[in-house]
Amino acid sequence: MSAPKRRTTIHDFRAMKERGQRITMVTCYDFPTARITDDIGFPAVLVGDSLGMVVHGFDSTLRVTLDMMIHHSAAVARGAKQAMIVIDLPFATYSASDLHLSLSTARRAMQEGGAQAVKVEGGRRMAPVVGALVASGIPVMGHIGLTPQSIHMIGGYRVQGRSEEAASRLIAAAQALEKAGAFAVVLELVPAPLATQISSMLSIPTIGIGAGPGCDGQIQVFHDIMGLYEDFLPKHAKRYATVADTIRAALRQYHADVVSGTFPGPEHTFEQ
Ligand code: KIV
């Protein structure tokens, strides 16, 4: 009998970086998808607050609440038994000026959402939050570059760190997050050479999205790569399937079968 597989830990993340083994992550918001990603062997999944846009139809992540995150994360936790589940702390539920709030948010995310780690957006200003959570035994993934929760401060979904000054700020942010105890850091919409440079400077893994191949791992939004969110395909996303088309064709057929009376057939029907 083979030994049961165990859940990925933050130590595995670091070991993967040391071995040069690329880390694959995908967002996950529900039970069936969690089961499939676990079957395939993804080391970690992110219950991202992108669910506000791709599952709930909001125009940004700002309306996502902690209760919504917990609701989705608990479903993922019922399906993913080996992947480390990382949960996004949503907009305005954590802050360096309110570490009690930050801790209480992370506590609920872990206890009620069944996650093993949390993700927070922000650079140097977030270091005290990362430090406080890590000191309470909560693994933290950082997230710098394009941070969608600050979209109204940034002014749009655009590549970050292009100027020399902005690049230096991103490098300092990554180093501050590592120093504060983050076990990994997401680099979103960062020029590839800068992301490669940051990855080589850190001993924790970088997980890129729109940050080129030089990161230690990659993450993508499930609905983007599956062709399930059709409003917009970001340049950094590759479509691996056209699931919306498959669903559309299947539903069209079901609708036609009911209208024509060919469904349900005798094989779907119970006799007296
Ligand atoms: O919410 C999310 O899906 C994310 C990824 C884009 C990293 O934060």
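Analysis parameters
Residues numbered from 1 in each chain as written. Predicted model: local features only at pLDDT ≥ 70, side-chain atom pairs only at ≥ 80, totals over all residues. Heavy atoms only, no water. Near = heavy atom within 4 Å. Polar contact = N/O pair within 3.5 Å; in protein donor to acceptor, adjacent residues only side chain to side chain. Areas by Shrake-Rupley, 256 points an atom, 1.4 Å probe, with all protein chains shown as cover. Nonpolar A, V, L, I, M, F, W, Y, C, P; charged D, E, K, R; others polar. Pairing = 2+ DSSP bridges. Helix = DSSP H or I, 4+ residues; strand = E, 2+ residues; numbered from the N terminus. Axes fitted to C-alpha atoms, helices over the stretch in contact; angles between N-to-C directions. Buried < 20%, exposed > 50% of the residue type's maximum accessible area, 1.4 Å probe, protein only. Core = buried A, V, L, I, M, F, W, Y, C linked by side-chain atoms within 4.5 Å. Contact = heavy atoms within 4.5 Å.

A. Quick peek at the site of the ligand. With respect to spatial proximity, the complete set of residues near the ligand consists of Thr27, Leu46, Gly48, Asp49, Ser50, Asp88, Lys119, His143, Glu188, Ile209 and Val221. A distance of 3.0 Å is found between an oxygen atom of the ligand and a side-chain nitrogen or oxygen belonging to Asp49. Taking Ser50, its side chain carries an N or O atom lying 2.5 Å from an oxygen atom of the ligand. Taken by itself the ligand offers 260 Å² of open surface, and the protein chains cover 95% of this. Counted by class, the shell around the ligand contains three nonpolar, four polar and four charged residues.

B. A look at the sheet that holds strand E5 (residues 140-145). Spatially, E1-E2-E3-E4-E5-E6-E7-E8 is the arrangement adopted by the eight strands of the closed barrel, whose pairing is parallel. Neighbouring strand axes in the sheet, compared pairwise and without regard to direction, differ in orientation by 25° on average. Pairing between strand E7 (residues 206-209) and strand E8 (residues 217-220): two bridges, direction parallel. Each residue of the ladder has a partner; that of Ile207, found in E8, is Gly217.

C. View of the pairing of E7. Burial along E7 is two-sided: the face carrying Thr206 and Gly208 and the face carrying Ile207 and Ile209 are both buried. As paired strands, strand E6 (residues 184-188) and E7 are joined by four bridges and run parallel to one another. Paired with Leu187 across the strands is Gly208, a residue of E7.

D. The nonpolar core, seen in detail. Core analysis: the biggest nonpolar cluster contains 59 residues, and Val118 and Leu133 have the highest contact counts within it. Tallying contributions element by element places helix H8 (residues 164-180) first for this core, with seven residues. Leu133 has contacts with Leu89, Ser102, Leu103, Ala106, Val118, Val120, Ile138 and Val140, leaving out every residue within four places of it along the chain. Residues Ala44, Met84, Met141 and Ile209 belong to the second largest nonpolar core, which totals 16 residues.

E. Quick look at helix H6 (residues 127-135). Within the span of H6, buried status applies to Ala127, Val129, Val130, Ala132 and Leu133. On its buried face, H6 sits against helix H5 (99-111), strand E4 (117-119), E5 and H8. Two residues or fewer after H6 comes Gly137, characterised by a positive phi angle close to 85°.

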